[in-house]
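Commentary on secondary and tertiary structure
Given next are the chains, with one letter for each unit.
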Amino acid sequence: ITNVIPGRLHGFLKQLLKEHTDLTLTDLFFNEAKRDKLRQSFKKQNNKLNILGKHSDQLTESEIQIAEILGSVLMLNEVDMYETFSEMGGDSIIAVRYAKELGNLIPDLIDVTDIFTYPTVFALAEYVDRKQSDKKTGSQNREVKKVEDIMEMLAQGKISVEEARNLREFLIEQ
């Protein structure tokens, strides 16, 4: 069954494309293959990216990293901080690749929908910085809560001073 359905689908799509455009599925496949080759060639050239919209000494690390990934994914030598992903030529398929590349740099922080919610490098970098700050603050708050818990258990007589010291040292080592 799995071989029959794609075959029928391919035939249907081929006929539909033939009726409405001059393209075939083979053309679309080769165009995507060409784009992949261009991307690989672009990466090998290792061009220096020109980031527009802010002076280079005012750029944050997140802005630089996001702009570099965007430039690489879209094969651009210039990226404007305030131009949207779509205005630069991005679409939903490219957004998946962009999100994947961002995920390699910043794991578990960016979703494809974030690219359209925060469409500029500036907005996405602010979002990333805010999320990373929230993560850091959250872990610091958990640390304080753990210390407060130790102090409370000590005050209630549930643990000894020595046990409190050991727990505190254990927290510091983590």
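For the structure given in this document, a descriptive report is provided here. If you're wondering where the values come from, they're calculated on a predicted model, not measured in any experiment.

Residue position: phenylalanine 116 is located in helix H5 (residues 112–117). With relative accessibility at 40%, the residue phenylalanine 116 sits in the partly exposed group. Each C-alpha atom of the pair phenylalanine 116 and glycine 90 lies 10.0 Å from the other, and the pair is 26 residues apart in sequence. Residues in contact with phenylalanine 116, not counting those within four places in the same chain, are Phe85, Ser86, Asp91, Ser92 and Ala95.

In this structure, Ile66, Leu70 and Tyr98 are the most contacted members of the largest nonpolar core, which totals 27 residues. Of all the elements in the fold, those that place two or more residues in this core are helix H3 (61–74), helix H4 (92–105) and helix H6 (121–155). Ranked by residue count, the leading element in this core is H3, at 6 residues. Here isoleucine 66 is in contact with Tyr98, Leu102, Val121, Leu124, Ala125 and Val128, once residues within four sequence places are set aside.

It is worth spelling out H4 at this point. Taking 1.5 Å per residue as the helical rise, H4 with its 14 residues ought to reach 20 Å, and the 20 Å between its terminal C-alpha atoms agrees with that figure. Ile94, Ala95, Tyr98, Ala99 and Leu102 are the residues of H4 that are buried. The arc that holds every buried residue of H4, seen down its axis, measures 140 degrees, which confines them to one face. Relative to its buried face, H4 has exposed residues pointing more than 90 degrees away, namely Ile93, Lys100 and Asn104.

Once that is clear, we can look at the packing of H3 against H4. H4 packs onto H3 with a crossing angle of 140 degrees between their chain directions and a minimal axis gap of 10 Å. It follows that H3 is oblique to H4 by the angle criterion. When the axes of H3 and H4 are compared, the crossing they make is right-handed. Seen from H3, the contacting residues are Gln65, Ile66, Ile69, Leu70, Val73 and Leu74; seen from H4, they are Ile94, Arg97, Tyr98, Glu101, Leu102 and Leu105. In the contact of H3 with H4, the residues fall into 9 nonpolar, 1 polar and 2 charged.

Quick look at the packing of aromatic side chains now. By the definition in use, this model includes 4 aromatic pairs. Measuring from centroid to centroid gives 5.4 Å for phenylalanine 85 and tyrosine 98, while their planes differ by 10 degrees, and the two rings are stacked. Here the residue phenylalanine 85 occupies a position in the loop between strand E2 (78–80) and H4, and tyrosine 98 occupies one in helix H4, the gap between them amounting to 13 residues. Accessibility expressed as a relative area gives 3% for tyrosine 98, which makes it buried. Aromatic side chains phenylalanine 85 and phenylalanine 116 sit 5.8 Å apart centroid to centroid with 80 degrees between the ring planes, which places their arrangement in the edge-to-face category. Here phenylalanine 116 lies in helix H5 and phenylalanine 85 lies in the loop between E2 and H4, a separation of 31 residues in the sequence. Within the aromatic cluster, the residues linked to one another by ring pairs are Phe85, Tyr98 and Phe116.

Further remarks concern the side chain of threonine 120. Structurally, threonine 120 is set in the loop between H5 and H6. At a separation of 3.0 Å, a polar atom in the side chain of threonine 120 contacts the main-chain amide nitrogen of alanine 123. Those residues in contact with threonine 120 that lie beyond four places of it in its chain are Met81, Tyr82, Glu83 and Thr84.

What counts, and where the lines are drawn
- Residues numbered from 1 in each chain as written.
- Predicted model: local features only at pLDDT ≥ 70, side-chain atom pairs only at ≥ 80, totals over all residues.
- Heavy atoms only, no water.
- Helix = DSSP H or I, 4+ residues; strand = E, 2+ residues; numbered from the N terminus.
- Buried < 20%, exposed > 50% of the residue type's maximum accessible area, 1.4 Å probe, protein only.
- Contact = heavy atoms within 4.5 Å.
- Core = buried A, V, L, I, M, F, W, Y, C linked by side-chain atoms within 4.5 Å.
- Expected span 1.5 Å × (residues − 1).
- Arc of directions from axis to C-beta.
- Axes fitted to C-alpha atoms, helices over the stretch in contact; angles between N-to-C directions.
- Parallel < 35°, antiparallel > 145°, perpendicular 65-115°, else oblique.
- Left-handed = near helix turned anticlockwise from the far one by under 90°.
- Nonpolar A, V, L, I, M, F, W, Y, C, P; charged D, E, K, R; others polar.
- Phe/Tyr/Trp six-rings, centres within 6.5 Å; stacked < 30°, edge-to-face > 60°.
- Polar contact = N/O pair within 3.5 Å; in protein donor to acceptor, adjacent residues only side chain to side chain.

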